[in-house]
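Now for the letters of each chain:
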Amino acid sequence: MPSVFRPAHRRSTRPALRAALTVVTATALTAPLTLAAPATAASADPYTATALKLTVHAGDRDCTVDADLYRPAGADAAHPAPAVLTTNGFGGSKSDGSTAATARAFAARGYVALAYSGLGFGKSGCPISLDDPRIDGKAASQLIDFLAGSRAADDGTRVDYVTKDRTAKGAAPDPRVGMIGGSYGGAIQMATAAVDHRVDALVPLITWNDLSYSLDPNNAGRTDGVGGPLPGAYKKEWTSGFFLIGEAQGLLNPGLDPSRTGSAGCLHFVAGACRTKRLLDSGSYPEDRTRQMLTYARGVSPVSYLKSVKAPTLLVQGEADTLFNLNEAAATYRTLTAQGTDTKMIWQSWGHSGGMADPAPGELDLGKGNLDTSYVGRRVLAWFDRYLRHRTATDTGPAFAYYRDWAADGDTYATADAFPAAGARKLYLSGDGTLVGSRAEVVRGSREYRNWLIPTSHSESSLAGTLGMTDPAPYDLRGTALDWTSAPVTGEPLDVAGIPRATLKVISPRAERTQHSTDAADRLVLFAKLYDVAPDGSQTLVHRLVAPVRVPDVTRKFTVQLPGIVHRYAPGHRLRFTIAASDGAYKGNRGIKPVTVTSAPDDTGVLELPVVAGSVR
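Residues numbered from 1 in each chain as written. Predicted model: local features only at pLDDT ≥ 70, side-chain atom pairs only at ≥ 80, totals over all residues. Heavy atoms only, no water.

Undergrad: Can you explain the overall build of the protein? Please cite residues and give values.
TA: The secondary structure content of the protein amounts to 13 helices and 28 strands. The dimensions of the protein, computed from C-alpha atoms along their principal axes, are 80 × 55 × 50 Å. Considering the protein as a whole, with its 617 residues, one finds that 61% of them fall into the buried category. Total accessible area on the protein stands at roughly 22,600 Å², and carbon and sulfur atoms take up 52% of it. Side-chain charges of the protein comprise 66 positive and 60 negative groups, with the mean position of each set lying 3 Å from the other. (Helix = DSSP H or I, 4+ residues; strand = E, 2+ residues; numbered from the N terminus. Buried < 20%, exposed > 50% of the residue type's maximum accessible area, 1.4 Å probe, protein only. Areas by Shrake-Rupley, 256 points an atom, 1.4 Å probe, with all protein chains shown as cover. Lys, Arg positive; Asp, Glu negative; His and termini not counted. Charge placed at Lys NZ, Arg CZ, Asp CG, Glu CD.)

Undergrad: Outline the confidence of the model for the protein, supporting the account with residue identities and numerical values.
TA: The predicted model of the protein averages 91 in pLDDT, with 91% of residues at 70 or higher. In the model, residues 6-43 has pLDDT below 50 throughout and makes 117 contacts with residues more than four positions away in sequence or in other chains. (pLDDT = per-residue confidence, 0-100. Contact = heavy atoms within 4.5 Å.)

Undergrad: Describe unusual backbone geometry, naming the residues involved and giving the relevant values.
TA: At the junction of Phe419 and Pro420, the peptide bond is cis and its omega measures out at 0° in the coordinates. Here Pro420 shows up in the loop between strand E12 (413-416) and strand E13 (423-429). Its identity as a non-glycine residue notwithstanding, Ser183 has a phi of 60°, on the positive side. If you trace the backbone, Ser183 turns up in the loop between strand E7 (177-182) and helix H4 (184-195). For Ile206, which is not glycine, the phi dihedral falls at a positive 35°. Checked against the element boundaries, Ile206 lands in the loop between strand E8 (199-205) and helix H5 (211-215).

Undergrad: How would you summarise the packing of aromatic side chains if you had to cite specific residues and measurements?
TA: Taken as a whole, this structure holds 22 aromatic pairs when the rule is applied. Considering the side-chain rings of Tyr403 and Tyr413, the 5.5 Å spacing of their centres and the 70° angle between planes classify their relative orientation as edge-to-face. Taken together, the positions of Tyr403 in strand E11 (residues 400-403) and Tyr413 in strand E12 put the pair 10 residues apart, joining distant regions of the chain. Grouping aromatic residues by their ring pairs yields a cluster made of Phe90, Phe121, Tyr184, Trp208, Phe242, Phe243, Phe269 and Phe324. (Phe/Tyr/Trp six-rings, centres within 6.5 Å; stacked < 30°, edge-to-face > 60°.)

Undergrad: Before we move on, can you summarise the sheet that holds strand E10 (residues 343-350) with the specific residues and values?
TA: Sheet architecture is open: 10 strands sit in the order E1-E2-E4-E3-E7-E8-E9-E10-E11-E12, paired in mixed fashion. Looking at which strands have only one partner, the edges of the open sheet turn out to be strand E1 (47-58) and E12. Ignoring strand direction, the axes of neighbouring strands in this sheet form an average angle of 20°. With six bridges connecting them, E7 and E8 associate as parallel partners. (Pairing = 2+ DSSP bridges. Axes fitted to C-alpha atoms, helices over the stretch in contact; angles between N-to-C directions.)

Undergrad: Kindly report on the environment of Leu211, identifying the contributing residues and their values.
TA: Mapped onto the elements, Leu211 comes out in helix H5. For Leu211, a relative accessible area of 7% gives the class buried. Not counting residues within four places of it along the chain, the set of residues in contact with Leu211 comprises Leu130, Asp216, Ala297, Val300, Ser301 and Phe324.

Undergrad: Hey, could you go over the state of the cysteines for me, with residue numbers and the actual values?
TA: Under the criterion given, the structure shown has two disulfides. Between Cys63 and Cys126 runs a disulfide, and the two sulfur atoms are separated by 2.3 Å. On the sign convention where negative is left-handed, the bridge of Cys63 and Cys126, at about -100° about the S-S bond, is left-handed. In this pair, Cys63 is assigned in strand E2 (residues 61-72) and Cys126 in the loop between strand E4 (112-116) and helix H3 (133-148), connecting sequence segments 63 residues apart. (Disulfide = S-S within 2.5 Å.)

Undergrad: Can you lay out the environment of Arg134 for me, pointing to particular residues and giving the numbers?
TA: With respect to the helices and strands, the residue Arg134 is situated in helix H3. Given the relative accessible area of 52%, Arg134 is considered exposed. In sequence terms Arg134 and Val300 are 166 residues apart; their C-alpha atoms lie 8.3 Å from each other. Aside from chain neighbours lying at most four places away, what touches Arg134 is Gly59, Gly299 and Val300.

Undergrad: Run through a nonpolar patch on the surface, naming residues and quoting values.
TA: A contiguous nonpolar patch, built from Trp452, Ile454, Tyr475 and Leu477 and spanning about 400 Å² of accessible area, is present on the exposed surface. Note on placement: Tyr475 falls in strand E17 (residues 475-476). (Patch = residues over 30% accessible without salt bridge, like charges linked within 9 Å, V, L, I, M, F, W, Y side chains within 5 Å. Salt bridge = Lys/Arg side-chain N within 4 Å of Asp/Glu carboxyl O.)

Undergrad: Help me get a handle on the pattern of salt bridges, residues and values and all.
TA: This structure, assessed with the given rule, holds 22 salt bridges. A salt bridge links Arg198 to Asp145, with the nearest nitrogen and oxygen atoms 2.6 Å apart. Linking Arg198 in the loop between H4 and E8 with Asp145 in helix H3, this pair joins segments that are 53 residues apart in sequence. Residues joined by salt bridges that share partners form a network here, namely Lys53, Asp66, Asp68 and Lys94.

This is the structure:
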């Protein structure tokens, strides 16, 4: 591996409401990069920054986009430069630290940069439409027209200094343009590339594949991307946080553009988003409304339009992320690579659930300008060097890389030529509550748990860290969960990197009686997860990740895809697989539904681990 990709080092009342919303907006729900000071155009800077307004047609209305144009020194019609387009995460704007810092970082490296406030945020118009390619994507395409020089800003400003690719006679001018941004500013890249093939390179960070999975995940019955035909368990804390910030935009930004008025009863969201939130809050999933919800949520998500994305894509996803987990990037990666789109993937340390405001030493932190000295930053620079500057000899790195928090300095990232990087090691669920290495070791047995009408398990308080609150350690109340624990790891550490799976069979007569209801909320819900149990008996829920499941049919076996993890089980530690009746971060079962799990040598549950090093008995 060339030295450019040497891994980074490791790291061992209204005013009150406005303040609280600002804290949330500036951390967990906005773009992922460290906050920095607002952009300025000082004479010493290697670029100039100009504020612009551009009126675009988005959906069924015209609205104004608020943007800042960064022009590198020396760029003119005779010396054009490629462009980078970037926008904010949910609740942010062109001026927040991450968006402005991204634009400045690339302008300082000779790129023309256009940072803009996404539709419905900052001082841009139109309601929030969840990065819908038919609305947000089309609006961004019109910004590419501006970079191409084929349209002017509202004040008449035109750009004639962006590098252009050759086009057929009569075709629209084709500027050399890449996109970068995180979370909400990540999905917009794929939405734009799907409707405008002039986009030359994408770097989406910590974003989603399917919003129906992100906000209402079901980890069983996957048919396309990360989703399937059944709704899951409503991720109520994250979703409500987003909704509150969206609806509070009038408070955070007085004097909003009238074009931002929402519909279907929401102040600032489009009708489809508003109806989706209302259905999720209801706790009910009638067939017709659920079908509409799934169709809408997937329709505004990459899962529905990746087939149209041809731009080379460098996916960066966070290992500490309970909002958009690693499975989302993996699903996008599989789809893009299968159709021949040049795609590579990095699993970095930080995500929405940890490390965003204070990345580990050596990790990407644009607020500190460490593109050149962080592993992810060097990969991004190489990606744009190859696809925007057309330096074909540039090495863009391995197909897959993942951060290891246990690794020695200078070796934090492991790499692989393909994803997944590991084969599956099987462990079997024995009737005595142990995880064993072969069917012959399975003890015949039967155990039961039952749910309460209130949550009895805790994984995370989604917004606790962003609001400065202490999040209690994960727990499962006795009698409301079942677990299976391995023998202690001996010899070499057990390193897991990938997406675990579990094949299960449960018995629940009460759930069986209601699972053919026309309301999917009557089906059984459970939560699968992996703990690390230390020699002293204390346990750690890896990155606080859980896999909510709405069981398709309790009379049949079903497969659960747990959230992807990168984790080392040290010698003396044990692996614990748990299924629980509930979780406080989600809506769970309707009614009491006792569950029994039986084991026999010839018929038992199986846990498959993506093990890259070590073994477990």
